[in-house]
Protein chains: 2
Amino acid sequence: MAIITIIGCGMMGSAISWPAIHNGHTIRYVGTPLDRAIIDHARETGEHLTLKRPFPKGDLHFYQFEEVTEAMAGADLLLCGVSSFGLDWFLDTVIPMIPDGAKVLSITKGMIALEDGSMISYPEVMEERAAALGKKNIDFNAVGGPCTSYELADLDPTEVTFCGRNPETLRWLKSLFNQEYYHVSLSTDVRGVECAVALKNAYALGISLAIGMSYKREGREFEHYNSQAALFGQSVREMTLLLDLCGGKPQQLPLGAGDLYVTVYGGRTRKIGTLLGTGMRFEEAMEVLKGVTLESIVISTRTAQAVRRLIDRGVVRAESFPLLLHIDELVNGGKTVNVPWAAFTREDF
Amino acid sequence: MAIITIIGCGMMGSAISWPAIHNGHTIRYVGTPLDRAIIDHARETGEHLTLKRPFPKGDLHFYQFEEVTEAMAGADLLLCGVSSFGLDWFLDTVIPMIPDGAKVLSITKGMIALEDGSMISYPEVMEERAAALGKKNIDFNAVGGPCTSYELADLDPTEVTFCGRNPETLRWLKSLFNQEYYHVSLSTDVRGVECAVALKNAYALGISLAIGMSYKREGREFEHYNSQAALFGQSVREMTLLLDLCGGKPQQLPLGAGDLYVTVYGGRTRKIGTLLGTGMRFEEAMEVLKGVTLESIVISTRTAQAVRRLIDRGVVRAESFPLLLHIDELVNGGKTVNVPWAAFTREDF
């Protein structure tokens, strides 16, 4: 049985331990400085504070971040459980502590846009940071695919993809986590998997606009789906182009499409999109959602920045990304919703 | 202004007239022998019986099928408004009446599987039938894309694709129907468009299985989305392969994905999938849905037949279509639900 040390015990960082616990592995949960209450609550009650569910029975140990050295000692796998917002903290604080040669699995999904508009994935960013510290043999892997934390904790059948450079490591990771309710595919196309699943955050916001537009038109919480489907189709179209721009393989698209589907039902991204869809300005909508952190905002902003640079460089045309650019206008340009439906139509002769 | 004669006045055959009415065109609605009550009701009340909505104000005329000759005289466009179940009737009864050189737009979505497992689209089937009658110049076109009839009638923003062989005809058709709530793309990839949108009927049933499984597990009408998303991703994966097998272009995939999204929320297909997902046998589920006609059953059966023939011929591998083959086992093989989750996982090295 393996020892898995998880750093970052929010909802997803914790929920992914469920299948590993059911496979009999030892889990050491290390809270970040922001997870203090989660660790305290877990120690007192055996329950996860924000997942609002008891941890499964197993060999579980809880640590505050001051105890991280003890928690990492002898671990077979280090799991990075922070969200996009914790990435810099993880790079600055945790990467220096990881011994060279260690195996890491990260749930953090996202892309970084470089100056020239090219995009690289978080595992690549981690790898670069580690290499800069002289640690060239940390084996970084990541989890992609449609999975919301509370549904995983409810044992709803879930399919994910683990990506990394080393097939042997990936197969070992699968052996730790694969369960009758958690089905793991493997891919060495890190860029493609991470790009496909990161983009869905941006586009789920775009699809949710139709929900708010429908509420507004009907004067009540009533959803129409033709408009959501039109935005879904356009999202898949733009994601296909972006996947190619990122250097990912087209076979990752179904992963992104499935992840997009679940994210529209996933909570926070849907909420901001719905509010913007009713005609609110971004600042008003964020006021309503006070205090909520939204990866969709970070990702849509970063992706739009990258695409604008590529447009400036003549690599892509603005006409290919009408939805992404509209989302960016809403989030960063002070505009109110005005979906460019006609710009989605094509002549394919 | 054009005269549009619609043959087949069910929900979709009628709803598609909304944008044409708003563009000022004359509509002649001709009921099939099954639409008698719809035509009577429209004449008496100005309302569509099954759409349960009033027709928009316009130059509208209603005909029973005995009056079809009068209704077709001088029409600029003939619209085929029957469902898949009316296809044979349309081929046998209506095609012989269509003058050579006429323009036709069909809302009937589907594919026919030939003996060798290859699949051709309905417009191609119509074309062949017309050619066999010596009419080689009827210009057959079809509508694809995510559009449910009642949402179109509620003016929810909708995106569709008209496909056909002739770009000029397609642009003219767009000029008749395009509206601020009905956005029309055009494509000469008839096989691709029709394949993408037909397949979603089969796969929407597959995704709905997760809804029923969730109800069963929770003991109440509670949906989980991780499992739906896993089935959504697998559907997109199999649809990508089928699109290619049909000779369609990959750029039609977003159309199929959008259509799949809306169909999961579309009523009848969702109902049968949900019932099968709770563990019912097909016969029991159909008993519950007594009298309902289901295109998803026809399409999944036909597609599975075609795929089985291609497997026998060694053209494709059964392992590439685990979801379609499971749907077929449920519908035609007397099996109860047992989603082959592990068969969906892949090693992509």
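Refer to the preceding data block for the structure.
Residues numbered from 1 in each chain as written. Chains lettered and ligands numbered in written order. Predicted model: local features only at pLDDT ≥ 70, side-chain atom pairs only at ≥ 80, totals over all residues. Heavy atoms only, no water.

Enquirer: Hey, could you run me through the relation of the copies chain B and chain A in this one?
Expert: Two copies of a chain can be linked by a rotation about an axis combined with a shift along that same axis. For the match of chain B to chain A, the screw axis carries a shift of 0.0 Å, the RMSD comes to 0.0 Å, and the turn is 180 degrees. Such a turn and shift between the copies fits a two-fold axis. (Least-squares fit on C-alpha atoms with pLDDT ≥ 70 in both.)

Enquirer: I would appreciate a short explanation of the pattern of salt bridges in the present structure.
Expert: Side chains bearing opposite charge may pair, as long as their charged atoms lie close to each other. Counted by the stated rule, this structure contains 36 salt bridges over all chains. Two residues, E127(A) and R165(A), come together in a salt bridge whose shortest N-O distance is 2.6 Å. In this pair, E127(A) is assigned in helix α6 (residues 122–132) and R165(A) in the loop between β11 (158–164) and α8 (167–177), connecting sequence segments 38 residues apart. By relative accessible area, which is 54% here, R165(A) ends up exposed. For D259(B), the salt bridge is made with K109(B), and the minimal N-O distance between the two is 3.4 Å. One end of the pair, D259(B), is in helix α11 (residues 253–264); the other, K109(B), is in the loop between β7 (103–106) and β8 (111–113), with 150 residues separating them in the sequence. Among the residues examined, D259(B) registers a relative accessible area of 2% and is labelled buried. Salt bridges sharing common partners tie together K109(A), K200(A) and D259(A). (Salt bridge = Lys/Arg side-chain N within 4 Å of Asp/Glu carboxyl O. Helix = DSSP H or I, 4+ residues; strand = E, 2+ residues; numbered from the N terminus. Buried < 20%, exposed > 50% of the residue type's maximum accessible area, 1.4 Å probe, protein only.)

Enquirer: What exactly am I supposed to notice about the interface of chain B and chain A here?
Expert: Accessible area lost upon the coming together of the parts is a frequently used measure of interface size. Between chain B and chain A, the residue contacts involve 57 residues of the former and 57 residues of the latter. Between chain B and chain A lies a buried interface of about 4,800 Å² when both sides are counted; carbon and sulfur atoms form 54% of it. Three residues, N226(B), Y261(B) and F349(B), lead the burial of chain B against chain A; their summed loss comes to 17% of the area buried on that side. The interface formed by chain B and chain A includes six salt bridges. K249(B) is paired through a salt bridge with D348(A); the nearest N and O atoms lie 3.1 Å apart. Linking chain B with chain A are 37 residue pairs in polar contact (both at pLDDT 80 or more). Of all the elements, helix α10 (residues 226–245) of chain B adds the most residues to the side of chain B that touches chain A, at nine residues. Residues of the side of chain B that touches chain A, tallied by class, amount to 27 nonpolar, 16 polar and 14 charged. Relative to strand β12 (residues 182–187) of chain B, strand β13 (residues 347–348) of chain A is paired through two bridges, and the arrangement is parallel. Bridging across to β12(B), E347(A) finds its partner in L186(B). (Contact = heavy atoms within 4.5 Å. Buried area = accessible area lost by both parts, 1.4 Å probe. Polar contact = N/O pair within 3.5 Å; in protein donor to acceptor, adjacent residues only side chain to side chain. Nonpolar A, V, L, I, M, F, W, Y, C, P; charged D, E, K, R; others polar. Pairing = 2+ DSSP bridges.)

Enquirer: What is the right way to read the environment of I297(B) from this model?
Expert: Residues and elements named next belong to chain B. For I297, the location among the structural elements is in helix α14 (residues 295–312). On a C-alpha basis, the gap between I297 and H183 in space is 29 Å, while along the polypeptide they are 114 residues apart. Discounting chain neighbours no more than four positions away, the residues touching I297 are L205, I272, F282 and V331.

Enquirer: For this particular structure, what's the right way to read the pairing of strand β2 (residues 26–30) of chain A?
Expert: Sheet faces and side chains relate simply in a regular strand, where the side chains alternate between the two faces. All names here are of chain A. Within β2, five of the five residues are buried, which leaves it mostly tucked inside the rest of the structure. Burial along β2 is two-sided: T26, R28 and V30 and I27 and Y29, pointing in opposite directions, are all buried. Of the strand pairs in this sheet, strand β1 (residues 3–7) and β2 are connected by five bridges, and their pairing is parallel. Paired with I7 across the bridge in β2 is V30. Of the strand pairs in this sheet, β2 and strand β5 (residues 60–63) are connected by four bridges, and their pairing is parallel. Considered in β5, the bridge of V30 is made with Y63.

Enquirer: Which parts of the structure should I look at to understand the sheet that holds strand β1 (residues 3–7) of chain B?
Expert: Paired through backbone hydrogen bonds, the strands of a sheet run either parallel or antiparallel to each other. The sheet built from nine strands is open, its strands ordered β13(A)-β12(B)-β11(B)-β10(B)-β7(B)-β6(B)-β1(B)-β2(B)-β5(B) with mixed pairing. A strand with exactly one partner marks an edge of an open sheet, and here the two such strands are β13 of chain A together with β5 (60–63) of chain B. When β1(B) meets strand β6 (residues 77–80) of chain B, the two strands line up parallel, connected through four bridges. Its bridge partner being in β6(B), I6(B) is matched across the sheet by L79(B). Of the strands in this sheet, β2 (26–30) and β5 of chain B touch helix α3 (residues 36–45) of chain B, which is tilted by about 140 degrees from β5(B). Sitting on the sheet, helix α9 (residues 190–218) of chain B is in contact with β10 (139–144), β11 (158–164) and β12 of chain B, with an inclination near 140 degrees to β11(B). (Axes fitted to C-alpha atoms, helices over the stretch in contact; angles between N-to-C directions.)

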